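A closer look at the structure
Take a look at the letters that make up each chain.
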Amino acid sequence: MFGKKKGFCILHGTDVDVFYLKKLDYVDHACYEEKYWGDEYNTIMRYEKNPDSYIFIEDLETGNLAGYLNFFPCEDKLYQDNLWRSEVIRDDDIMPEEIAEYRAEGNHLFIMSFAIHPDYQGTEVIRMLSDDFITWLNQKEEDGFPITDIAATAVSSHGKKALTNYLFREIRVMGDGNTVFLCDGIRFRKLLAHD
């Protein structure tokens, strides 16, 4: 566990087990259209491939999940699909074999989900979750697993705004209307510096 602050608790994927993932439904059902809700089996399979792929923020008073980030390093095919090839969002169809282990030679991260429950939007939750993610990124660099870039696909105007605020640049609009974003180069360095 990373720590407790202001009535919230930050947990990482390595702090929990597969049963904790059921809490994702509370956030996903409030934030996403039903077609973007993850299948429990697929979520567990991806988690088991690389548990170090979540940051959760939990309300200590209610026990509810206030928000979470789901991200992981990509094998090359998934990386290319996300950035250039796929005309529909790669989401719950991502298979465990497309998720890489963290590598010393560099890692292309993909943010699969960055969601804050509506009850906690406009509070310190997003800042706390974001700060912990930046701390996590810097720790990976220090541990010898450099991150080269982070890709994400926005499915809403809130998602587009959040990614733009975090220095991601728009790459393209997919055939399904969703937008691919990338944070790399100087933008990524600025993100690491909390700039």
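Above: the structure in question.
Here is a short report on the structure shown in this document.

Basis of the calculations
- Residues numbered from 1 in each chain as written.
- Predicted model: local features only at pLDDT ≥ 70, side-chain atom pairs only at ≥ 80, totals over all residues.
- Heavy atoms only, no water.
- Helix = DSSP H or I, 4+ residues; strand = E, 2+ residues; numbered from the N terminus.
- Rg over C-alpha atoms; globule rule 2.2 N^0.38 Å.
- Contact = heavy atoms within 4.5 Å.
- Areas by Shrake-Rupley, 256 points an atom, 1.4 Å probe, with all protein chains shown as cover.
- Lys, Arg positive; Asp, Glu negative; His and termini not counted.
- Charge placed at Lys NZ, Arg CZ, Asp CG, Glu CD.
- Core = buried A, V, L, I, M, F, W, Y, C linked by side-chain atoms within 4.5 Å.
- Buried < 20%, exposed > 50% of the residue type's maximum accessible area, 1.4 Å probe, protein only.
- Axes fitted to C-alpha atoms, helices over the stretch in contact; angles between N-to-C directions.
- Parallel < 35°, antiparallel > 145°, perpendicular 65-115°, else oblique.
- Salt bridge = Lys/Arg side-chain N within 4 Å of Asp/Glu carboxyl O.

Description of the overall build of the chain
The number of helices and strands found in the chain is six helices and eight strands. Along its sequence from the N terminus, the chain presents helices and strands in the succession β-β-α-α-β-β-α-β-α-β-α-β-β-α. Taking 195 residues into account, the globule formula puts the C-alpha radius of gyration at 16 Å, and the chain, at 16 Å, falls close to it. The contacts of the chain with a sequence gap of at least 6 include a subset with a gap of at least 24, amounting to 71%. Put simply, the chain shows about 9,400 Å² of open surface, and 52% of that area lies on carbon and sulfur atoms. Charged side chains in the chain number 21 positive and 36 negative. The centres of these two groups are separated by 5 Å.

Considering the nonpolar core
Ranked by internal contacts, the top residues of the largest apolar core, which has 30 residues, are F71, L109, F133, L137 and I150. Secondary-structure elements contributing two or more residues to this core are strand 2 (8-12), strand 3 (54-59), strand 4 (65-73), strand 5 (107-116), helix 4 (125-142), strand 6 (147-154), strand 8 (179-184) and helix 6 (185-192). Ranked by residue count, the leading element in this core is helix 4, at seven residues. Leaving out residues up to four positions away in the same chain, L109 has contacts with F71, F72, P73, C74, Y102, F133, W136, L137, I147, D149, I150 and A151. Core analysis: the next-biggest nonpolar cluster, separate from the first, contains 16 residues, L21, L24, Y32 and Y47 among them.

Quick word on the side chain of N178
Summarising the element assignment, N178 is placed in the loop between strand 7 (169-173) and strand 8. By relative accessible area, N178 is classed as buried at 5%. For N178, the residues in contact, after removing those within four places along its chain, are Y36, I89, T153, A154, V155, R172 and V173.

Side note on the packing of helix 4 against helix 6
In contact at an axis separation of 9 Å, helix 4 and helix 6 are set at 110° when each is read in the N-to-C sense. Judged on the interaxial angle alone, helix 6 and helix 4 are roughly perpendicular. Listed contacts from helix 6 to I134, L137, N138 and E141 of helix 4 are F188, R189, L191 and L192.

So, the pattern of salt bridges
Evaluation of the coordinates by the stated rule reveals 14 salt bridges. The salt bridge partner of E87 is R172, with a shortest N-O separation of 3.2 Å. One end of the pair, E87, is in the loop between helix 3 (76-85) and strand 5; the other, R172, is in strand 7, and 85 residues separate them in sequence. Classification of R172 by relative accessible area gives buried; the value is 13%. Taken together, the salt bridges that share partners define one network made up of K77, D81, R85, R90, D93 and E98.

Quick look at the environment of F188
By the secondary structure assignment, F188 is in helix 6. For the pair F188 and Y166, spaced 22 residues apart in sequence, the C-alpha to C-alpha distance is 9.0 Å. Discounting chain neighbours no more than four positions away, the residues touching F188 are L137, E141, I147, T148, I150 and C183.

Details of the environment of A151
By the secondary structure assignment, A151 is in strand 6. Since its relative accessible area comes to 3%, A151 is described here as buried. Here the alpha-carbon distance between A151 and C183, two residues 32 residues apart in the chain, equals 6.4 Å. Setting aside residues up to four positions removed in sequence, A151 forms contacts with L83, L109, F110, I111, F168, F181 and L182.

Comments concerning unusual backbone geometry
Phi is positive for L167, which is not a glycine, with a value near 75°. Residue placement: L167 occurs in the loop between helix 5 (157-165) and strand 7. Owing to a relative accessible area of 22%, L167 belongs among the partly exposed residues under this scheme.

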